[in-house]
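The primary structure of each chain is shown beneath.
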Amino acid sequence: MGRVIVAGGGPAGLAAAIAARQAGLDVSVYDCLRPPIDKACGEGIMPDGLAALQRLGVTIPAERVCGFRGIRFLDESHSVQATFANGIGYGVRRVLLHELLVEHATALGVELNWGARVTGVSGNAIEVDGRQVPFRWLVCADGQNSLLRRKSGLFPAVASQTRYGFRRHYRVAPWTDFVEVHWAEYGQMYVTPIAQDEVCVAFITRDLETRFDAALPQFPKLAARLKGAEIAGTTIGAVTASRLVRRVQSGPIALIGEAAGSVDAITGEGLSIAFRQAFVLAAAMRRNRMEPYQAAHGRIMRKPRTMARLLLSLDQRQRFRHRVLGALERQNEAFESMLAIHTGAKSALDFGVGPAVRLGWELLRA
Ligand SMILES: Cc1cc2nc3c(=O)[nH]c(=O)nc-3n(C[C@H](O)[C@H](O)[C@H](O)COP(=O)(O)OP(=O)(O)OC[C@H]3O[C@@H](n4cnc5c(N)ncnc54)[C@H](O)[C@@H]3O)c2cc1C
C-alpha cells in the first residue's frame, strides 16, 4: 500500500502516526528535534481531547498528572466557573505528553526518526537532510510555520490574530481543581494544575514587550497565590495565532495540527483538535481517498474558531468583558452551557432559549 510519511513528531504528528498505524498502515515519522520535545503550552487537555487520546490507546498514568473538573474565569471583581459535562480534563506536562505518545507509537511499530530535518517535497518524495524519502501519503505536522505547507502549495495561511504566549511552572500545590483563567488589561494568565505540587501558568498577551514578571502584578488574585512559590525550570515562549488555512489537502498530501491552521491558545483546544483530526485523516488514507479529510477538518475547526473569536473579543474590550463576566456570574447556567458546547458535550443548538434570553437580559441591564 505504500508508506505514510509524517513530517513533524509533535503531538499532532505522533497522533496521526498512531491513528494511521491503528488503521493498518506503515508509518515513518521525521522530526528535526530529539525527545523529550518541550514547547510553551498551557498543558491542559480538555475532556474531549482525553477521550481522543484514549481512543488512540495512549494511557496516561494518573499519578503523574493532575485532573481538573472545569474552568473558572476571574478578573478583579468577578469569578465565574463551570464544571465539564463530559468528564474531567488533565494537566499534563508537555514533555510527559510527548514521552507517552512516543512510547505508544514505538510499541505500535511506527518508525521514528529524530534529528531529521525535512527540507522539501517534490513529486511523491520528501527530502530529509539531502536524501529522497518516497511516500504514498504525506502528513505535514511541522507546526504553525509549516515549511511543507508552503512547499506543497497549500497556502496562503491567513493569521487574523497573533499573540505571544509564555509558560512557567511554579512549585506550589494546586489550590483548586479548576483551570483558572485570570483576565486583565494586558492579556490572560491561565493556571493548570499539573502535579500534586506544581502548577503551569501560561501568560498570553498581544504585546511582545510585556514580560511575565512585569505582567504578574496586573493579576493580583493570582500574584497572591504565587507569592513566594519557587519557579521550576525556565520560562519559555511561543507565538499563538488564529490562523486559517483554506486547503488542508491536495492529492496525497494533508496538513494536520497547527500546520493545518490554529486557534488562539486561550481556547485550550489545540491538542484536542489535533487528536481528533488524526482519526479522520487515518480513515481517509485507509480508504484510499484523502478528499473527505478537507470537509472533516472544517467541521472539527468550526466550534473552536467561534469560541476563539468570542474570547478574543473579551480580550480586546475591557468594559465589555466586565459586563459579560458579570452577566455570566449571575447566569451561571449560560456559562455551563457554553463550556459544554466548547468541549463537545452539547451541540450549539442545545444552548436553549431560556439561558440565551436571561443572559441577554443580564447583559442589557449590566
Ligand atoms: C502559550 C500556549 C499555550 C497553549 N496552551 C494549550 C493548552 O493548554 N491546551 C491545548 O490543547 N493546546 C494549547 N496550546 C496549543 C498547542 O500547544 C498546539 O496546538 C500544539 O502544540 C500543536 O501541535 P503540533 O504537533 O501541530 O505542533 P508542534 O507542537 O509545534 O510540533 C511540530 C513539530 O514539527 C517539528 N518540525 C518543524 N519543522 C520541521 C522540519 N522542517 N523537519 C522536521 N521536523 C520539523 C518540530 O520540531 C516539532 O516537533 C497552547 C499553545 C501556546 C503557544
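Structure: see above.
Fair warning: this is a prediction, and the values are worked out from it, not measured in the lab.

Cut-off values and rules
- Residues numbered from 1 in each chain as written.
- Predicted model: local features only at pLDDT ≥ 70, side-chain atom pairs only at ≥ 80, totals over all residues.
- Heavy atoms only, no water.
- Helix = DSSP H or I, 4+ residues; strand = E, 2+ residues; numbered from the N terminus.
- Pairing = 2+ DSSP bridges.
- Axes fitted to C-alpha atoms, helices over the stretch in contact; angles between N-to-C directions.
- Buried < 20%, exposed > 50% of the residue type's maximum accessible area, 1.4 Å probe, protein only.
- Contact = heavy atoms within 4.5 Å.
- Phe/Tyr/Trp six-rings, centres within 6.5 Å; stacked < 30°, edge-to-face > 60°.
- Expected span 1.5 Å × (residues − 1).
- Near = heavy atom within 4 Å.
- Polar contact = N/O pair within 3.5 Å; in protein donor to acceptor, adjacent residues only side chain to side chain.
- Parallel < 35°, antiparallel > 145°, perpendicular 65-115°, else oblique.
- Nonpolar A, V, L, I, M, F, W, Y, C, P; charged D, E, K, R; others polar.
- Salt bridge = Lys/Arg side-chain N within 4 Å of Asp/Glu carboxyl O.

Novice: Looking at this model, I keep getting lost on unusual backbone geometry. Mind explaining?
Specialist: Across residues other than glycine, the phi torsion is negative in most instances, and most of the peptide bonds are trans. A cis amide bond, omega 0°, links Pro 35 with the succeeding residue Pro 36. When you line up the elements, Pro 36 lands in the loop between strand 2 (27-31) and strand 3 (44-45). Its identity is not glycine, yet Glu 43 carries a phi of approximately 65°, on the positive side. In this structure, Glu 43 sits in the loop between strand 2 and strand 3.

Novice: Explain the sheet that holds strand 10 (residues 125-128) to me, please; I cannot follow it from the model alone.
Specialist: Each strand in a sheet pairs with its neighbour through backbone hydrogen bonds, running either in the same direction (parallel) or in the opposite one (antiparallel). Taking strand neighbours across the sheet as the criterion, the 3 strands line up as 9-10-11 in an open arrangement whose pairing is antiparallel. Each having just a single partner strand, strand 9 (118-122) and strand 11 (131-134) make up the two edges of the open sheet. Here the strands of the sheet are splayed against their neighbours by 30° on average, with no regard to which way each runs.

Novice: Got a minute to help me understand the side chain of Thr 240 in this structure?
Specialist: Relative to the elements of secondary structure, Thr 240 occurs in strand 17 (residues 230-245). A relative accessible area of 8% places Thr 240 in the buried class. The residues contacting Thr 240, other than those within four sequence positions of it, are Gln 161, Thr 162, Arg 163, Tyr 164, Ile 204, Val 263, Asp 264 and Ala 265.

Novice: Where do I start with the packing of aromatic side chains in this structure?
Specialist: The description of an aromatic ring pair rests on the distance of the ring centres and on the angle between the ring planes. All told, the structure shown has 7 aromatic pairs when counted by the stated rule. Ring centres 6.5 Å apart and planes at 45° place the aromatic pair Tyr 170 and Phe 212 in the tilted group. Placement of the pair is Tyr 170 in strand 13 (residues 157-171) and Phe 212 in helix 5 (residues 212-215), with a sequence separation of 42 residues. Classification of Tyr 170 by relative accessible area gives buried; the value is 3%. Judged by its relative accessible area of 4%, Phe 212 is buried. When the centroid spacing of 6.1 Å and the interplanar angle of 75° are considered together, the rings of Phe 203 and Phe 212 count as edge-to-face.

Novice: Whenever I open this one, helix 7 (residues 270-286) confuses me. Can you help?
Specialist: One turn of an α-helix holds 3.6 residues; hence residues three or four places apart share an orientation. Between its first and last C-alpha atoms helix 7 spans 25 Å; for 17 residues at 1.5 Å apiece the expected length is 24 Å, and the two agree. Most of helix 7 sits inside the fold, with 12 of its 17 residues counted as buried. Restricting attention to buried positions, one finds in helix 7 the residues Leu 271, Ser 272, Ile 273, Ala 274, Phe 275, Gln 277, Ala 278, Phe 279, Leu 281, Ala 282, Ala 284 and Met 285. Asn 288 occupies a position one or two residues after helix 7 and carries a positive phi of about 65°.

Novice: Looking at this structure, how should I read the site of the ligand?
Specialist: In the vicinity of the ligand lie 35 residues, with Asp 31, Gly 42, Arg 94, Tyr 190 and Leu 271 positioned nearest. A distance of 3.3 Å is found between an oxygen atom of the ligand and a backbone nitrogen or oxygen belonging to Glu 43. Note that a nitrogen atom of the ligand is positioned 2.9 Å from one of the backbone N or O atoms of Val 118. Breaking the shell around the ligand down by element, the ones donating at least two residues are helix 1 (11-22), strand 2, strand 17 and helix 7. Per-element tally for the shell around the ligand: the top contributor is strand 17, with 3 residues.

Novice: Is there a simple way to explain the environment of Leu 271 in this structure?
Specialist: Looking at the secondary structure, you find Leu 271 in helix 7. Of the residues examined, Leu 271 reaches a relative accessible area of 11% and is grouped as buried. The sequence separation of Leu 271 and Glu 258 amounts to 13 residues, and the corresponding C-alpha distance is 9.3 Å.

Novice: Even after reading the chapter, I still don't get the pairing of strand 10, so can you show me in this structure?
Specialist: Relative to strand 10, strand 9 runs antiparallel, the two sharing 4 bridges. From the neighbouring strand, Ser 122 faces strand 10, where its bridge partner is Ala 125. Hairpin connection of strand 9 to strand 10: 2 residues between the antiparallel strands, including Gly 123 at a positive phi of 60°. Direction of pairing for strand 10 relative to strand 11: antiparallel, over a ladder of 4 bridges. Bridging from a neighbouring strand, Glu 127 pairs with Gln 132 of strand 11.

Novice: Please clarify how the packing of helix 8 (residues 292-316) against helix 9 (residues 318-330) should be interpreted in this entry.
Specialist: If you want to describe how two helices pack, look at the angle between their axes and the distance between the axes. At a closest axis distance of 5 Å, the pairing of helix 8 and helix 9 adopts a crossing angle of 120°. Looking at the two axes, helix 8 sits oblique to helix 9. Where helix 8 approaches helix 9, its residues Ser 313, Leu 314, Asp 315 and Gln 316 are matched on the opposing element by Gln 318, Phe 320, Arg 321 and Val 324. Partitioned by chemical class, the residues of the contact of helix 8 with helix 9 number 3 nonpolar, 3 polar and 2 charged.

Novice: Got a minute to help me understand the pattern of salt bridges in this structure?
Specialist: Where charged atoms from two side chains of opposite charge come close, those side chains can pair. Counted by the stated rule, this structure contains 15 salt bridges. Here Arg 64 and Glu 99 are joined by a salt bridge, their closest N and O atoms 3.5 Å apart. With Arg 64 in the loop between helix 2 (47-55) and strand 4 (66-68) and Glu 99 in helix 3 (residues 94-108), this residue pair connects regions lying 35 residues apart in the sequence. Since its relative accessible area comes to 31%, Glu 99 is described here as partly exposed. Residue Arg 171 pairs with Glu 198 through a salt bridge whose shortest N-O separation is 2.9 Å. On the criterion of sequence distance, the pair formed by Arg 171 in strand 13 and Glu 198 in strand 16 (residues 198-205) is long-range, its members being 27 residues apart. What makes Arg 171 partly exposed here is its relative accessible area of 40%. For Glu 198, a relative accessible area of 3% corresponds to the buried category.

As far as function goes, none of this settles anything; it's purely spatial.
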